[in-house]
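Geometric and topological summary
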Amino acid sequence: MNTLVYYLSLPFIYLVALLPFWWLRRVADFLFVVIYYLLAYRKKVVLSNLRNAFPEKTEAEIQQIARQFYRYLCDLILETFKTLTISPATVKKHVQFEGIALLEKYYQEGRSVILILGHFGNWELAGARFGIEPIHQLYVIYRPLKNKHFDQLLYHMRTRLGNGLYAMKETLRGMVRDRKVISATAFIADQTPSPDNALWLTFLHQDTPIFQGTEKIATKFNYPVIYISVKRLKRSYYRIESELLFDQPKDTAAHEISQVYTRRLEQDIQAQPEIWLWTHRRWKHKRQQIQHGKQPTNQSN
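Read on for an overview of the structure. (Residues numbered from 1 in each chain as written. Predicted model: local features only at pLDDT ≥ 70, side-chain atom pairs only at ≥ 80, totals over all residues. Heavy atoms only, no water.)

1. Describing the packing of helix α1 (residues 2-18) against helix α4 (residues 59-82)
The following threshold applies: Convention adopted: a line fitted to C-alpha atoms gives each axis, helices being fitted over their contacting stretch, and angles between N-to-C directions are expressed from 0 to 180 degrees. In DSSP terms, a helix is any run of H or I states spanning at least four residues, a strand is any run of E spanning at least two, and both are numbered starting from the N terminus. Geometric relationships in this document are graded by angle, where less than 35 degrees denotes roughly parallel, more than 145 denotes roughly antiparallel, 65 to 115 denotes roughly perpendicular, and other angles denote oblique. Contacts were defined at the residue level, with two residues in contact if any of their heavy atoms lie within 4.5 Å. Note that Gly is not counted as nonpolar here; it falls among the polar residues with everything else outside the nonpolar set of Ala, Val, Leu, Ile, Met, Phe, Trp, Tyr, Cys and Pro and the charged set of Asp, Glu, Lys and Arg.
Packing of α1 against α4 leaves a shortest axis separation of 7 Å and a crossing angle of 90 degrees. The orientation of α1 relative to α4 falls into the category roughly perpendicular. The segment α1 lies against α4, with F12, I13, V16, A17 and L18 engaging L78, F81 and K82. Class assignment of the residues belonging to the contact of α1 with α4 gives a composition of seven nonpolar, no polar and one charged.

2. Re a nonpolar patch on the surface
This is how the line gets drawn: Only residues whose relative accessible area exceeds 30% and that take part in no salt bridge are eligible for patches, with like-charged residues grouped when within 9 Å of each other and nonpolar side chains (Val, Leu, Ile, Met, Phe, Trp, Tyr) grouped when within 5 Å. Only the protein chains shown count as cover for residues, with accessible areas throughout obtained via the Shrake-Rupley method and a probe of 1.4 Å. The term salt bridge refers to a pairing of a side-chain nitrogen on Lys or Arg with a carboxyl oxygen on Asp or Glu at a separation within 4 Å. Partly exposed describes any residue whose relative accessible area lies between the buried limit of under 20% and the exposed limit of over 50%, with all areas from a 1.4 Å probe on protein chains only and scaled to the type maximum.
A cluster of nonpolar side chains, V33, Y37, L38, L39 and Y41, forms an exposed patch at the surface whose accessible area comes to about 550 Å². Assignment of secondary structure puts V33 in helix α2 (residues 21-38). We classify V33 as partly exposed; its relative accessible area is 38%.

3. Let's talk about the environment of Y142
With respect to the element layout, Y142 can be found in strand β3 (residues 137-142). In this structure the C-alpha to C-alpha distance between Y142 and Y14, which are 128 residues apart in sequence, comes to 22 Å. Not counting chain neighbours up to four residues away, the residues in contact with Y142 comprise D151, L154, Y155, R158, L165, Y166, A167 and M168.

4. Side note on the pairing of strand β4 (residues 164-167)
Worth spelling out the cut-off: Two strands are said to pair when DSSP picks up at least two bridges between them. Orient the strands so they point away from the viewer; a crossover is then right-handed if the path from the first strand over the helix to the second runs clockwise.
As judged from the four bridges shared by β3 and β4, these two strands associate in the parallel manner. Bridging across to β4, Y139 finds its partner in G164. Tracing the backbone out of β3, into helix α8 (residues 148-159) and back to the parallel element β4 gives a crossover that is right-handed.

5. Focus on the packing of aromatic side chains
For clarity, the threshold we go by: Note on aromatic contacts: the rings of Phe and Tyr and the six-membered ring of Trp form a pair at centre separations within 6.5 Å, being stacked when their planes are under 30 degrees apart, edge-to-face when over 60 apart, and tilted otherwise. Here, a charge over a ring means that NZ of Lys or CZ of Arg falls within 6 Å of the ring centre while also lying within 35 degrees of the ring normal.
Per the counting criterion, the structure on display carries 18 aromatic pairs. Relative to Y37, the ring of Y36 lies with its centre 4.8 Å away and its plane at 90 degrees, an arrangement referred to as edge-to-face. Through successive ring pairs, a cluster of aromatic residues spans F32, Y36, Y37, F69, Y70 and Y72. The ring centre of W23 lies 5.4 Å from the NZ or CZ of R26, which sits over that ring. The cationic tip of K105 hangs over the ring face of Y106; the distance from NZ or CZ to the ring centre is 4.2 Å.

6. Things to note about the pattern of salt bridges
Scanning the entire structure with this criterion turns up 19 salt bridges. Two residues, K250 and D251, come together in a salt bridge whose shortest N-O distance is 3.3 Å. Across the pair, exposure class does not vary: K250 and D251 are exposed alike. The network of salt bridges with common partners includes E98, K231, R239, E241, E243, R264 and D268.

7. Brief notes about the side chain of T252
Spelled out, the test is: Distance and chemistry together define a polar contact, namely a pair of N or O atoms within 3.5 Å, with one atom able to donate a hydrogen and the other to accept it when in protein, and with adjacent residues in sequence counting only for side-chain atoms on both sides.
Looking at the element boundaries, T252 is found in the loop between β9 (237-246) and α11 (256-271). Judged by relative accessible area, which is 17%, T252 ranks as buried. At 2.6 Å, the side chain of T252 forms a polar contact with the backbone oxygen of P249. Beyond its immediate sequence surroundings of up to four residues, T252 is in contact with T219, F246 and I257.

Shown next as structure tokens:
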């Protein structure tokens, strides 16, 4: 069944990928009506997330952000398909790279770096933009899909312009193997980890489990940690900004990297809330409660 769905979907996916951006925007307008009004895709999740994240906003403001988010989501889906065929020249036209000087500096010094970002803006187009620059070899951490056909398609989409991928469970092994390469390893660090081994922080007014792996790897390799922000300028147009968080991660205090990254992402989301991935069940886990007179293993805020 999965194979059949893949082969039935493939012609449509490539047809969309071949459309120019102005056509993609028209298709996205139609898709918005289907997803937002007809299917109401994860609408309860989105509205609940927004209400909890922005308790100071009125219900009218929450509803407006939700509509703006779904319009962005439809653009994001189709723009992601576009990366299957997009040319380097078109990538440069649609994605500015304002923060490249910082990366060029570390590349000239022969230093690998860690990039840390969230599901904010179009991270797929940003990866394609990075891949065409003569700087660090980009490796992106990803979760392989269960459907092997779609996983292969995703792999092709993300590597066709020169980037590499590390499956999440193979990240450390891959980084050790490629240690002699001047690399930039990208961690999209706002996914939901297992609550048992997570660092708990307050994020958007809510108790939130945070991956600790990014911080542990940064301190182990002592690679500079750079925050990547992908701002949307208008439909189909983005700007990558980079900001140095830590030049020497080994000198940081415990949880400092995670805390600074979380606050920085929070600032971006508050400035442009409609371009973060609100359909994600980011707060499905709850912090462990005090039991039998013992404190939870992690009480960081």
